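Fold and geometry: a report
Given next are the chains, with one letter for each unit.
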Amino acid sequence: MSEETTSSESTEPLYCIGCGAKIQTTDPQAVGYTPQSAVKKGLESGELYCQRCFRLRHYNEIVPVSLTDDDFRRLLAQIRDANALIVYVVDIFDFNGSMIPGLHRFVGENPILLVGNKEDVLPRSLKRSKLTDWVRQQANANGLRPLATTLLSAKNGRDVDDLLELIDKYRGDRDVYVVGVTNVGKSTLINQILKRNSGVADLITTSRFPGTTLDKIEIPLGEDHVLVDTPGIIHPEQMAHFLSAGALKYVAPQKEIKPRVYQLEGEQTLFMGAVARFDLLSAATEKRSTGVSAYFENNLMIHRTKLAHADDFYKAHAGELLTPPTQDELRDLPELTRHEFHTTEKSDVVIEGLGWVTVPENATVAGWAPKGVNVLLRRAMI
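Report on the accompanying structure. (Residues numbered from 1 in each chain as written. Predicted model: local features only at pLDDT ≥ 70, side-chain atom pairs only at ≥ 80, totals over all residues. Heavy atoms only, no water.)

1. So, the sheet that holds strand 12 (residues 336-342)
We apply this condition: By the convention used here, strands pair only if DSSP detects at least 2 bridges between them. Secondary structure follows DSSP: runs of H or I at least 4 residues long count as helices, runs of E at least 2 residues long count as strands, and numbering of each begins at the N terminus. Simply put, an axis is a line fit to the C-alpha atoms, just over the touching stretch for a helix, and the angle between two N-to-C directions goes from 0 to 180 degrees.
Spatially, the 5 strands line up as an open sheet ordered 11-8-9-15-12, and their pairing is antiparallel. Single-partner strands in this sheet number two, and they are strand 11 (302-306) and strand 12. Averaged over all pairs of adjacent strands, the angle between their axes in this sheet comes to 20°, without regard to strand direction. Pairing geometry for strand 8 (residues 268-272) and strand 11, over 5 bridges, is antiparallel. Within the sheet, the bridge partner assigned to L270 lies in strand 11 and is R304.

Okay, structure coming up:
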């Protein structure tokens, strides 16, 4: 058990303002470790970070730590028992992968605002009113009935003020809890709110790595209430958990996605690097070819080949022509597993955490992803 560090003026424990972890100075391998000299400097400056957050902020270096299932159950129970307005943040680009199964069990009777983040990465040609309706319908299909649904970009601050107006409208005499799975941009959103309320920029630690926030972080909201940034709920099947830090830049879009359209003749395959695969098995069309649209990070290489040769092509080129991952990283990637679907309407074949391929109705297709990563069929977003 590591010893807590406290200030000389108080017996209260200290917490990292970046991730919320309790500061301790005795165990470098445990959550919240900070050298004693850094604690003193942090107290003097008013910005006390654990060593993990310091390295992440200044060197983009992630130090792995783990929270137990009991840790998360404890934190989720606090949300359920609180009198709070729940701001539920989802990643629009990875909508299905950012849904929390059984969210109602975690929030109890507390009302929900649904926030679709990262709207800036979707094509500008997609009408935002249509996208908002799509997000609402998908939420309803997952058993959620939010008070309101709004879209924004926490990264560039777009439409954050609209969310603040909704929070003021609905929170009443409640605290505000911001919840979501890892990597949906919760802490980035909190930083935007802090910047507007106090002028302080980038106080909370953010990165593309899963699990950056380690404990709840409370921020004053008026005189009697707080806004709480909670740890991201970890989905072990998220694509980000299977890739190295270097490979994440190829799967997490930072700019507007440019759809790539392919005319597939007969049985053909698209490889998304070596991390995923799409097969067109058959399509009921009067045309010679079938048009499909691929929505992935712009720098992720997509290679087309004949379905009959796809297995041999993957064995020969994975980790070299087909990257990410690299040859050295390939051994840590679970084998790709196959999921077959038949479409009855224009649909998306979604590889959670990576992207999707839009296909026409009456097509038989297969999606492949690392074992453990979900592949699903949904009504087309675009």
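2. Details of the packing of aromatic side chains
As a reminder, the rule being used: Aromatic rings from Phe, Tyr and Trp, taking only the six-membered ring of Trp, are treated as a pair when their centres fall within 6.5 Å; an angle between ring planes under 30 degrees marks them as stacked, one over 60 as edge-to-face, and anything in between as tilted. Burial classes follow relative accessibility: with a 1.4 Å probe on protein chains only, a residue under 20% of its type's maximum area counts as buried, one over 50% as exposed, and anything between as partly exposed. The criterion for a charge sitting over a ring is simple: Lys NZ or Arg CZ within 6 Å of the ring centre, and within 35 degrees of the ring normal.
This structure, assessed with the given rule, holds 5 aromatic pairs. When the centroid spacing of 5.9 Å and the interplanar angle of 20° are considered together, the rings of F271 and F313 count as stacked. Here F271 is found in strand 8, whereas its partner F313 is found in helix 9 (residues 310-317), with 42 residues between them in sequence. Exposure class is identical for F271 and F313. Each is buried. With 5.2 Å between their ring centres and 20° between their planes, Y295 and W356 make a pair best called stacked. Of this pair, Y295 sits in strand 10 (residues 289-296) while W356 sits in strand 14 (residues 355-359), placing them 61 residues apart in sequence. For W356, a relative accessible area of 0% corresponds to the buried category. Through a chain of ring-to-ring contacts, the aromatic side chains of F93, Y295 and W356 assemble into a single cluster. The aromatic ring of W356 is capped on one face by R378, whose charged end is 4.8 Å from the ring centroid.

3. Topic: the pattern of salt bridges
Cut-off, in case you're wondering: One speaks of a salt bridge when a side-chain nitrogen belonging to Lys or Arg is within 4 Å of a carboxyl oxygen belonging to Asp or Glu.
Scanning the model with the defined rule gives 11 salt bridges in all. For the salt bridge of K118 with D91, the shortest nitrogen-to-oxygen distance reads 3.2 Å. With a gap of 27 residues between them, K118 in the loop between strand 2 (112-117) and helix 5 (128-141) and D91 in strand 1 (residues 84-91) connect regions that are remote in the sequence. Of the charged contacts, one joins R288 and E265 as a salt bridge, the two residues approaching to 3.8 Å between their closest N and O atoms. Highlighted residues: R288 in the loop between strand 9 (276-283) and strand 10 and E265 in strand 7 (residues 260-265), separated in sequence by 23 residues. Overall, E265 belongs to the partly exposed group, its relative accessible area being 44%. Via salt bridges that share partners, E119, R128 and R158 belong to a single interconnected network.

4. Considering a negative patch on the surface
Let me state the cut-off plainly: What goes into a patch is any residue over 30% in relative accessible area without a salt bridge, connected to like charges within 9 Å or, for nonpolar side chains (Val, Leu, Ile, Met, Phe, Trp, Tyr), within 5 Å. Only the protein chains shown count as covering a residue, and every accessible area follows the Shrake-Rupley method with a 1.4 Å probe. Under the counting rule used here, the positive set is Lys and Arg, the negative set is Asp and Glu, and His together with the chain ends is not counted. For this purpose, a charge sits on NZ of Lys, CZ of Arg, CG of Asp or CD of Glu.
Side chains of D159, D162, E165 and D168 sit close together on the surface and give a patch of like negative charge. Looking at the secondary structure, you find D162 in helix 6 (residues 160-170). D162 gets classed as partly exposed once you look at its relative accessible area, which sits at 35%.

5. Quick notes on the side chain of Q192
Worth spelling out the cut-off: Within 3.5 Å is the distance limit for a polar contact, defined as a pair of N or O atoms, with the added protein rule that one can donate a hydrogen and the other accept it, and that residues adjacent in sequence qualify only through two side-chain atoms.
The residue Q192 is located in helix 7 (residues 186-198) in this model. There is a polar contact of 2.9 Å between the side chain of Q192 and the backbone oxygen of A154.

6. Details of the sheet that holds strand 10
Sheet strands associate in pairs through backbone hydrogen bonding, adopting either a parallel or an antiparallel arrangement. Read from one edge of the open sheet, 5 strands run 7-10-14-13-16, paired in antiparallel fashion. Of all the strands in the sheet, the pair left with one neighbour each is strand 7 and strand 16 (375-379). Mean inter-strand twist for the sheet, computed between neighbouring axes without regard to direction, equals 25°. With 6 bridges connecting them, strand 7 and strand 10 associate as antiparallel partners. Residue L264 lies in a different strand from strand 10, and its bridge partner there is T290.

7. Re unusual backbone geometry
Following T323, the chain continues to P324 via a peptide bond in cis, the omega torsion being 0°. Positioned with a positive phi, D159 is a non-glycine residue whose angle comes to about 65°. Take D159: it is sitting in the loop between strand 3 (148-151) and helix 6. In this structure, N362 is a non-glycine residue whose phi angle is positive, near 60°. Among the structural elements, N362 can be located in the loop between strand 14 and strand 15 (363-370).

8. A look at the pairing of strand 15
Most of strand 15 sits inside the fold, with 8 of its 8 residues counted as buried. Judged from the 6 bridges that link them, strand 9 and strand 15 form a sheet pairing that is antiparallel. Bridge pairing in strand 15 links D279 to A366. Looking at chain direction, strand 12 and strand 15 are connected through 7 bridges and run antiparallel. Bridge pairing in strand 15 places H339 opposite G367.

9. As for empty space enclosed by the protein
For clarity, the threshold we go by: A cavity here means a set of points on a 1 Å grid, drawn over the protein atoms and nothing else, where a 1.4 Å probe fits but cannot get out; a pocket is an open set with protein on both sides within 12 Å along at least five of seven lines, and a residue lines either one if it has an atom within 4 Å of a point. Grid points are joined across faces, edges and corners, and a volume is the space filled by probe spheres set on the points. When residues are sorted by character, Ala, Val, Leu, Ile, Met, Phe, Trp, Tyr, Cys and Pro go into the nonpolar class, Asp, Glu, Lys and Arg into the charged class, and all the rest, Gly among them, into the polar class.
For the coordinates displayed, the defined rule picks out 2 cavities of 30 Å³ or more. Considered as a void within the structure, the largest cavity measures approximately 240 Å³ in volume. In terms of lining, the largest cavity is formed by 18 residues, of which the most central are D91, D94, N183, A252 and G353. For the lining of the largest cavity, the residue count by class is 9 nonpolar, 5 polar and 4 charged.

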